[in-house]
Amino acid sequence: MAVANVLAEWTVADFDGALAWCARLFGRTADRRPMDGLAEWQLTDTGGVQVFHSPNNAGTGLLTLSVDDLPRHHADLAARDLSVGDITTGEQARFATVTDPDGNTITFAELLTAGT
């Protein structure tokens, strides 16, 4: 199976509010609005995120984004007035989470290398 693109999706109750919140999260407005109630952010050449208006399913999404410099991303999120949790270090990675107004959880993770 050859996959050309992967889009993770999370659902929201307040679509317009979610678009504004996601614009702060990603630092830009949506890249595409393919249909009513759906917005997409292309985050890499082959992957992105969809935000979908579905009030009955809102708030149950879990998304993990791998980043290269978690402390820098953490500071950027805080500067955009997003309430990002403390950085936690595990055995193989360090993490910080932010929760959108509907309760969806976005985790930022940085893999640890020797000496990190």
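Residues numbered from 1 in each chain as written. Predicted model: local features only at pLDDT ≥ 70, side-chain atom pairs only at ≥ 80, totals over all residues. Heavy atoms only, no water.

**With respect to the overall build of the protein chain**
Counting secondary structure elements, the protein chain contains two helices and eight strands. Helices and strands appear in the protein chain in the N-to-C order β-α-β-β-β-β-α-β-β-β. Here the C-alpha coordinates of the protein chain stretch approximately 45 × 40 × 25 Å along the principal axes. Out of the 116 residues in the protein chain, the part that is buried amounts to 34%. (Helix = DSSP H or I, 4+ residues; strand = E, 2+ residues; numbered from the N terminus. Buried < 20%, exposed > 50% of the residue type's maximum accessible area, 1.4 Å probe, protein only.)

**Topic: the environment of G27**
Position of G27 among the secondary structure elements: in the loop between α1 (15-26) and β2 (32-35). Spatially, the C-alpha atoms of G27 and R80 are 8.2 Å apart, while their sequence positions differ by 53 residues. Excluding anything up to four places from it in sequence, G27 contacts C22 and R80. (Contact = heavy atoms within 4.5 Å.)

**With respect to the pattern of salt bridges**
In total, this model carries six salt bridges according to the counting rule given. Across the pair D31 and R28 runs a salt bridge whose closest N-O atoms are separated by 2.8 Å. When salt bridges with common partners are traced through the structure, they connect D68, D69, R72 and D76 into a single cluster. (Salt bridge = Lys/Arg side-chain N within 4 Å of Asp/Glu carboxyl O.)

**Observations regarding the sheet that holds strand β3 (residues 38-44)**
Read from one edge of the open sheet, four strands run β1-β4-β3-β2, paired in mixed fashion. Here the strands that pair on one side only, and so sit at the sheet edges, are β1 (6-12) and β2. Across the sheet, the axes of successive neighbouring strands diverge by a mean angle of 30°, strand direction being ignored. As paired strands, β3 and strand β4 (residues 47-53) are joined by six bridges and run antiparallel to one another. Bridge pairing links W41 to V49 in β4. Packed on one face of the sheet, α1 meets β1, β2, β3 and β4 and runs near 10° to β3. (Pairing = 2+ DSSP bridges. Axes fitted to C-alpha atoms, helices over the stretch in contact; angles between N-to-C directions.)

**Some details on the side chain of N104**
As for its placement among the helices and strands, N104 is situated in the loop between β7 (93-99) and β8 (105-111). Of note is the side chain of N104, whose polar atom sits 3.2 Å from the backbone nitrogen of T60. Those residues in contact with N104, other than ones at most four positions away along the chain, are W10, T11, V12, G59, T60, G61, V98 and T99. (Polar contact = N/O pair within 3.5 Å; in protein donor to acceptor, adjacent residues only side chain to side chain.)

**What to know about unusual backbone geometry**
The phi angle of most residues is negative, glycine excepted, and most peptide bonds adopt the trans form. Positive phi, normally seen in glycine, also occurs at D81, with a value near 65°. Look at D81 and you get exposed, because its relative accessible area is 63%.

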